[in-house]
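# Remarks on the overall topology
What follows is each chain in one-letter form.
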Amino acid sequence: MTAGMSWLIRLSIFVLFLAVPMALTAQTLGSDAPSSDPVARAVELAQESGLDVIIVGADGSVAGGDALQSAASPENPMDKPSALMQAQSEFQAFRQELKSRLEALPYSVFEMNYILRQTSPNGEIFTYVEVLGWSLLFLLIGRWLSVEIYGKRFAKRFVVARIKASPEGYYEKMPFLIYRFLMGVLGTIFAMVFALLISYLIFGASGDSSIEFTVTAIYTAFFVASVVSDLWRMVLSPYLSQYRVPVFSDRDAKRLYYSASILATYDIFSLIFATWIGDFGLNYNVYAMVYGVLALVGAAGSLVLLAINARAISNAIRVGRPKEDCSWLLKILSVLWAPAVAAYVIFGWLELAFDLVLERDMSVPLMAGTYMVLTSILVVYGVINYIIEAYSRRRRVLDASLGEALVDEQFDADGELTEGEIQAMASHPGHQISSFEDLARRVAGILAFLVGSFALVLVWDPEASWLQTSAAERGIDITVILFLGYVIYHVARIWIDSKIDEERGDLPEAELGDEGGAGGASRLATLLPLFRGGILAIVIVSIVLIVLMELGVNVSPLFAGAGVVGLAVGFGSQTLVRDIFSGAFFLVDDAFRKGEYIDIGDVKGTVEKISVRSFQLRHHLGALHTIPFGEIKVLTNYSRDWVMMKLPLRVTYDTDVEKVRKMIKKLGKELLSDPVIGDNFIQPLKSQGVIEMQDSAMIIRVKFMTKPGDQWLVRKKVYQEIRELFAREGIKFAHREVTVRLAPDQEGEVSPKQKEAAVGAVQAAIDEDLLDEMGGPGGDDR
């Protein structure tokens, strides 16, 4: 039975006992049926007949009386009292013992006074008060001198020289914080040495063991309290906000530092004083009463500290973020931590009260042990993070040259990020665990939590016999399995994400609303996200199966059932199976990749997302299409290798075609050296001559070859340059004309009906020309 459950039962019985006095009796349940064990039955019959029985084992040894008694009277589990009965019996014993100790308290005080007078060098109790007063006075003077002499004239030079304006991470903060903590410990030792020297020079050596023991207790309490205060200063850094690890404001950090240091000092002196009473051989009733009352005051102080600093600590748990921006786990933790700690403090004092009244052994006081565990967790967690950051810094130094090159590429000529890069960075938020360093931090936090939880369990129940049960061992095994699965999945995910980033390289992001056709990601970058999902599925299934095996469930029927279900799904969902297999073959054939611009007949667009069954296309006008793989009949990819762009130009019939050809050729050479689009050409701009003769114009076509996705930018520049070139050389573009011929007898006057017929003919001709021009690739808006 765990200590937490035991205390829940104790508290319930305490309330019931105050409300309605009741007495519960245990009835021993027996059975008239004969024992199923033949040996036990034979022993019972022999004892009933008055015969002595000797049991000889297989090795010739004679069984002892305990074995004979157990054989004759096998243990009946119903003979054991229930947990409820044990808790009630313990509470009744607590009431009776508390009542007897309170009745004997006057005699105990008299006995304590007698012992103190006998142990005092001059037979007066006030001698111990004088020792306490002089010792505290000398220690306070030593503390003041340590600040004025040791701190300001010696330690300050070394500490201030190490202060940085903006330290980053544990790697730069932890060395300074630990160094300042050690300097503070040396200041405490300086104060204690001064106090000892002054007391020796004034009073000399006492030579009395009781006085020496009292002085040792006082100095021990002073040293421990000072060290704890320095630890709080290291964690909260109330006066150097740049070195503060938790997210506290300066005001909150100072308030929490002072309140926690004062409370810790009180708790330490109370514990040392109670220990002094117990080790001095005074009456136990006095020891229990003094210790219990002092601990009650300390528990009340802890609750006040929680009430004052609850909001600041909750904000620190959320790392300074509002609740809506935090994960559900942080939200719950930031709300429930205060009631949980308050309940822990209350139960801790009740546990101490029961142990004191019932005079049970206490290896480590509950609250003191808990405080030591939590402090150790904080310090160890900081050291682990320092090691992680030190290792990461060393790797960054090795990759410094590559990192500088990558940083330089992220900036424009003015040394600032371009607007497009800023938008791209904002539109692709990373995972909270995006690197192995982040994973190491998360693992360190989880391990610190698990180890701390286990240590708290041992503080509550030092024997922890329930940990040896099969249920506890299975729970530990399941926890280890879940932890390993968590680590394996994130290791695989981080590695895959890093490979995806490497494969993407400096792939430019397409602008919203352009015609598409830019080159996509690599084949590996397209397939790796699918592998990541598969790894997650494998890890989850494996963890579930292993957990079921740990719980004693036979998983063999699950595999058989999975095969039957898969067969049923295969027959009943043929469309789903067709989509999955079609997608697999499309991806194996490398028909398209993420980021490529494709046309499947009914719709076209840029591939944004690929799943097991379907994929999503983003049309250049903004629409998002989801298409199952099985629906694809024909697929056209506009983002592979190269793109040939052909542009028709309408010119008048009096245009010199040869002159136009030479002008276009010269313009193509000039565009190759253009700083904006020159590198995008695979083949330069050239003229193909006259390709069509229409009623009102000659159609001269020019062409050029570019990388996929660059044709649209090049086309804009080519149109602009051709228009300016034709304007300079006097070449005119032909406008659309429709000639309507009338009969000779109708040339005089045109009726309104004839005018409408002419306008209809003109519109039909224009529409026909537009449909012809829009028939090429990229000319429609499907």
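As the structure is a computational prediction, the values presented were derived from the model and not from experiment.

### Comments concerning empty space enclosed by the protein
One pass over the full model with this rule turns up one cavity of 30 Å³ or more. Roughly 40 Å³ of internal volume is contained in the largest cavity. What lines the largest cavity is simply Leu 177, Arg 180, Phe 181, Asp 230, Arg 233 and Met 234. Going through the elements one at a time, helix H7 (169-203) and helix H8 (209-236) are the ones with two or more residues in the lining of the largest cavity. When the residues that make up the lining of the largest cavity are grouped by side-chain class, the tally is three nonpolar, no polar and three charged.

### Section: the sheet that holds strand S7 (residues 681-693)
Read from one edge of the open sheet, three strands run S6-S8-S7, paired in antiparallel fashion. Each edge of the open sheet is held by one strand with a lone partner, namely strand S6 (643-651) and S7. Between one strand and the next, the sheet's axes are offset by a mean angle of 20°, whatever the strand orientation. Across the sheet, helix H21 (residues 711-729) touches S6, S7 and strand S8 (698-706), and the angle it forms with S6 is around 25°.

### Some points on a nonpolar patch on the surface
There is a patch of nonpolar side chains on the surface, built from Trp 134, Leu 137, Ile 141, Tyr 200, Leu 201, Ile 202 and Phe 203 and spanning about 760 Å² of accessible area. Broken down by secondary-structure element, the contributors of at least two residues to the nonpolar patch are helix H6 (126-161) and H7. Ranked by the residues each element gives to the nonpolar patch, the list is headed by H7, at four residues. The exposure class of Leu 201 is exposed, given its relative accessible area of 67%.

### Concerning the pattern of salt bridges
By the definition in use, this model includes seven salt bridges. Residues Glu 658 and Arg 661 are paired through a salt bridge, measuring 2.4 Å at the closest nitrogen-oxygen approach. Residue Glu 658 and its partner Arg 661 are located together in helix H20 (residues 657-672), separated by three residues, close to a single helical turn. Under the relative-accessibility criterion, Glu 658 is labelled partly exposed at 39%. Put simply, Glu 721 and Lys 717 hold a salt bridge, and the shortest N to O gap is 3.2 Å. A residue pair is termed a helical-turn pair when its members lie 3 or 4 positions apart in one helix, as Glu 721 and Lys 717 do in helix H21 at four residues. Residue Glu 721 is classed as buried on the basis of its relative accessible area, which comes to 17%.

### Structural notes on the side chain of Asp 599
Looking at where Asp 599 falls in the secondary structure, it is placed in strand S1 (residues 597-599). Under the relative-accessibility criterion, Asp 599 is labelled buried at 7%. From its side chain, Asp 599 meets the backbone nitrogen of Gly 601 in a polar contact 2.8 Å long.

### Here we look at the pairing of strand S4 (residues 624-628)
Note: strand S3 (residues 614-618) against S4, five bridges, orientation antiparallel. Bridge assignment links Gln 616 to a residue of S4, and that residue is Thr 626. Count of turn residues in the S3/S4 antiparallel hairpin: five residues, of which Gly 622 carries a positive phi of about 115°.

### Some remarks on the packing of helix H4 (residues 83-103) against helix H5 (residues 105-119)
Axis separation between H4 and H5 bottoms out at 4 Å; the angle between their running directions is 55°. As far as their axial angle goes, H5 and H4 are oblique. When H4 is examined against H5, the residues Arg 101, Leu 102 and Glu 103 are found in contact with a partner set consisting of Leu 105, Pro 106 and Tyr 107. Among the residues making up the contact of H4 with H5, the classes are represented as four nonpolar, no polar and two charged.

### Examining H6
For H6, built from 36 residues, the straight-helix expectation of 52 Å at 1.5 Å per residue is met to within 8% by its first-to-last C-alpha distance of 48 Å. The sharpest bend along H6 reaches about 60° and sits at Ala 155. For H6, the full list of buried residues reads Thr 127, Tyr 128, Val 131, Ser 135, Phe 138, Leu 139, Gly 142, Leu 145, Ser 146, Tyr 150, Ala 155 and Val 159. Contacts from the buried residues of H6 go to H5, H7, H8 and helix H9 (250-279).

### Section: the packing of aromatic side chains
Following the criterion strictly, the structure yields 17 aromatic pairs and no others. With centroids separated by 5.7 Å and ring planes inclined at 35°, the aromatic side chains of Trp 134 and Phe 138 adopt a geometry described as tilted. A residue pair is termed a helical-turn pair when its members lie 3 or 4 positions apart in one helix, as Trp 134 and Phe 138 do in helix H6 at four residues. Under the relative-accessibility criterion, Trp 134 is labelled partly exposed at 42%. Classification of Phe 138 as buried rests on a relative accessible area of 5%. An aromatic cluster of at least three residues, connected via ring pairs, comprises Tyr 150, Phe 154, Phe 158 and Phe 190. Above the plane of the ring of Tyr 179 lies Arg 162, whose end atom (NZ or CZ) is 4.1 Å from the centre.

### Details of the pairing of S3
Of the pairings in the sheet, the one linking strand S2 (residues 604-610) to S3 comprises four bridges and is antiparallel in character. Its bridge partner lying in S3, Ile 610 is registered against Phe 615.

### Observations regarding the confidence of the model for the protein chain
When the pLDDT values of the protein chain are averaged, the result is 75; 74% of them are 70 or greater. Counting interchain partners and residues more than four positions distant, the pLDDT-below-50 stretch residues 64-68 has three contacts. Under a pLDDT of 50 for its full length, residues 775-782 has, in the predicted model, 15 contacts with residues more than four places off or in other chains.

### Focus: the nonpolar core
Leu 116, Leu 139, Trp 276 and Leu 282 are the most contacted members of the largest nonpolar core, which has 27 residues in total. Mapped onto this core, the elements with two or more residues apiece are H5, H6, H7, H8, H9, helix H10 (284-317) and helix H11 (328-357). Judged by nonpolar contacts, the second largest core, of 23 residues, contains Met 645, Leu 685, Val 702 and Phe 704.

### Digging into the packing of H6 against H7
A packed helix pair is summarised by two numbers, namely the angle formed by the two axes and the spacing between the axes. Packing of H6 against H7 leaves a shortest axis separation of 7 Å and a crossing angle of 140°. On the basis of their axis angle, the class for H6 and H7 is oblique. Crossing of H6 over H7 shows right-handed handedness. Looking at the contact of H6 with H7 residue by residue, the class counts come to 22 nonpolar, five polar and two charged.

### Focus on the environment of Ile 163
With respect to the helices and strands, Ile 163 occurs in the loop between H6 and H7. Spatially, the C-alpha atom of Ile 163 lies 9.9 Å from that of Leu 177, the residues being 14 residues apart in sequence. Among all residues touching Ile 163, those that are not within four sequence positions of it are Phe 176, Leu 240, Gln 242 and Tyr 243.

What counts and what doesn't
- Residues numbered from 1 in each chain as written.
- Predicted model: local features only at pLDDT ≥ 70, side-chain atom pairs only at ≥ 80, totals over all residues.
- Heavy atoms only, no water.
- 1 Å grid on protein atoms, 1.4 Å probe; cavity = no way out; pocket = protein on both sides within 12 Å on 5 of 7 lines; lining within 4 Å.
- Points joined across faces, edges and corners; volume = space filled by probe spheres on them.
- Helix = DSSP H or I, 4+ residues; strand = E, 2+ residues; numbered from the N terminus.
- Nonpolar A, V, L, I, M, F, W, Y, C, P; charged D, E, K, R; others polar.
- Pairing = 2+ DSSP bridges.
- Axes fitted to C-alpha atoms, helices over the stretch in contact; angles between N-to-C directions.
- Contact = heavy atoms within 4.5 Å.
- Patch = residues over 30% accessible without salt bridge, like charges linked within 9 Å, V, L, I, M, F, W, Y side chains within 5 Å.
- Areas by Shrake-Rupley, 256 points an atom, 1.4 Å probe, with all protein chains shown as cover.
- Salt bridge = Lys/Arg side-chain N within 4 Å of Asp/Glu carboxyl O.
- Buried < 20%, exposed > 50% of the residue type's maximum accessible area, 1.4 Å probe, protein only.
- Polar contact = N/O pair within 3.5 Å; in protein donor to acceptor, adjacent residues only side chain to side chain.
- Parallel < 35°, antiparallel > 145°, perpendicular 65-115°, else oblique.
- Expected span 1.5 Å × (residues − 1).
- Bend = angle between axes of the 7 residues up to and from the residue.
- Phe/Tyr/Trp six-rings, centres within 6.5 Å; stacked < 30°, edge-to-face > 60°.
- Lys NZ or Arg CZ within 6 Å of the ring centre and 35° of its normal.
- pLDDT = per-residue confidence, 0-100.
- Core = buried A, V, L, I, M, F, W, Y, C linked by side-chain atoms within 4.5 Å.
- Left-handed = near helix turned anticlockwise from the far one by under 90°.

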